[in-house]
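Take a look at the letters that make up each chain.
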Amino acid sequence: MDKIRLGTLLVVGVLVVQTLATLVWSVDATLTGIALAFNAVAAVSTALFVRRGGRAAWAVAAWCAGFFGWHVVGIGELAGWWTTGLDAVFLVASSYQLSVVYQAVLATASGFAVHLLAPRRSAPGV
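Scoring rules and cut-offs
- Residues numbered from 1 in each chain as written.
- Predicted model: local features only at pLDDT ≥ 70, side-chain atom pairs only at ≥ 80, totals over all residues.
- Heavy atoms only, no water.
- Core = buried A, V, L, I, M, F, W, Y, C linked by side-chain atoms within 4.5 Å.
- Buried < 20%, exposed > 50% of the residue type's maximum accessible area, 1.4 Å probe, protein only.
- Contact = heavy atoms within 4.5 Å.
- pLDDT = per-residue confidence, 0-100.
- Helix = DSSP H or I, 4+ residues; strand = E, 2+ residues; numbered from the N terminus.
- Phe/Tyr/Trp six-rings, centres within 6.5 Å; stacked < 30°, edge-to-face > 60°.
- Patch = residues over 30% accessible without salt bridge, like charges linked within 9 Å, V, L, I, M, F, W, Y side chains within 5 Å.
- Areas by Shrake-Rupley, 256 points an atom, 1.4 Å probe, with all protein chains shown as cover.
- Salt bridge = Lys/Arg side-chain N within 4 Å of Asp/Glu carboxyl O.
- Axes fitted to C-alpha atoms, helices over the stretch in contact; angles between N-to-C directions.
- Parallel < 35°, antiparallel > 145°, perpendicular 65-115°, else oblique.
- Left-handed = near helix turned anticlockwise from the far one by under 90°.
- Nonpolar A, V, L, I, M, F, W, Y, C, P; charged D, E, K, R; others polar.
- Expected span 1.5 Å × (residues − 1).
- Arc of directions from axis to C-beta.

## Points about the nonpolar core
- Ranked by internal contacts, the top residues of the largest apolar core, which has 17 residues, are V11, V60 and L117.
- If we ignore the near neighbours within four places in the chain, the residues touching L117 are I4, G7, T8, V11, F49, A57, V60 and A61.

Below, the structure is given as C-alpha cells:
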C-alpha cells in the first residue's frame, strides 16, 4: 500500500471516529455543530483529493495537522498540563481513561496522516 492511500485511509478513519464520537458524546449543541461542520469540510477536501488522484495533498495534510493539534490540546487538558476550559469537550463517555486513549489514538493517526500526505521535495541528486 502506498503512502498516499494509507494517509487517506487514516484521514477517513479519523473523520469517521470523530464524527461518531461527536454525535454520541456531545456536551453542547453549538460545539457539536462546529465539530460536524469542520468534519464535513475535511471530508469534502479528502474526497476532492482522492478524486484528483492525490494532487494538492497539502490541503488534506493541513486538515490533519489541525486535527492533530486539537487532540494534543485534548491530551494536555486531560493530563492537567494546561487549562483551556474545554475539559468537558474532551471527555468521551464521561470516562477519563477512555478519553485519554481516544485523544492519543486520534492524535497519533492524524500525525501519521500529516507525515504521509505532506508534500516532499527530493534532495538534489536523488
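## Details of the confidence of the model for the chain
- Looking at the chain as a whole, its pLDDT mean stands at 89, while 96% of the residues score no less than 70.
- Put simply, helix α4 (residues 87–90) is where the chain has its lowest mean pLDDT, 86, and helix α5 (residues 96–117) is where it has its highest, 94.

## Observations regarding the packing of aromatic side chains
- Counted according to the given criterion, the structure contains 4 aromatic pairs.
- Relative to F90, the ring of W70 has its centre 4.8 Å away and its plane inclined at 45°; by these criteria the two rings are tilted. Here W70 is found in helix α3 (residues 57–79), whereas its partner F90 is found in helix α4, with 20 residues between them in sequence.
- We classify W70 as partly exposed; its relative accessible area is 38%.
- Using a relative accessible area of 0% as the deciding quantity, one classes F90 as buried.
- An aromatic cluster is defined as three or more aromatic residues linked by ring pairs; in this entry it consists of F38, W63 and F67.

## Thoughts on the side chain of T8
- Turning to its location among the elements, T8 is positioned in helix α1 (residues 3–24).
- Those residues in contact with T8 that sit more than four places away from it in its chain are T46, F49, V50 and L117.

## Structural notes on a nonpolar patch on the surface
- On the surface, L23, V24, W25 and L98 cluster together to form a nonpolar patch covering roughly 390 Å² of accessible area.
- Here L98 is to be found in helix α5.
- Judged by relative accessible area, L98 falls into the partly exposed class, the value being 39%.

## Overview of the packing of α1 against α5
- At their nearest, the axes of α1 and α5 sit 8 Å apart, and the two run at 150° to each other. Taken together, the axes of α1 and α5 lie roughly antiparallel to each other. For the pair α1 and α5, the sense of crossing is left-handed. The segment α1 lies against α5, with K3, I4, L6, G7, T8, L10, V11, V14, V17, Q18 and A21 engaging Y102, L106, A109, S110, F112, A113, L116 and L117.
- Residues that form the contact of α1 with α5 fall into these classes: 14 nonpolar, 4 polar and 1 charged.

## Focus on α1
- Spanning 22 residues, α1 covers 31 Å between terminal C-alpha atoms, matching the ideal 32 Å at 1.5 Å per step.
- G7, T8, V11, V14, L15, Q18, A21 and T22 are the residues of α1 that are buried. The buried residues of α1 occupy an angular sector of 165° when the element is viewed end-on, so they sit on one face. Opposite the buried face of α1, at more than 90 degrees from it, the exposed residues are R5, L20, L23 and V24.
- Buried residues in α1 make contact with α2 (29–51), α3 and α5.

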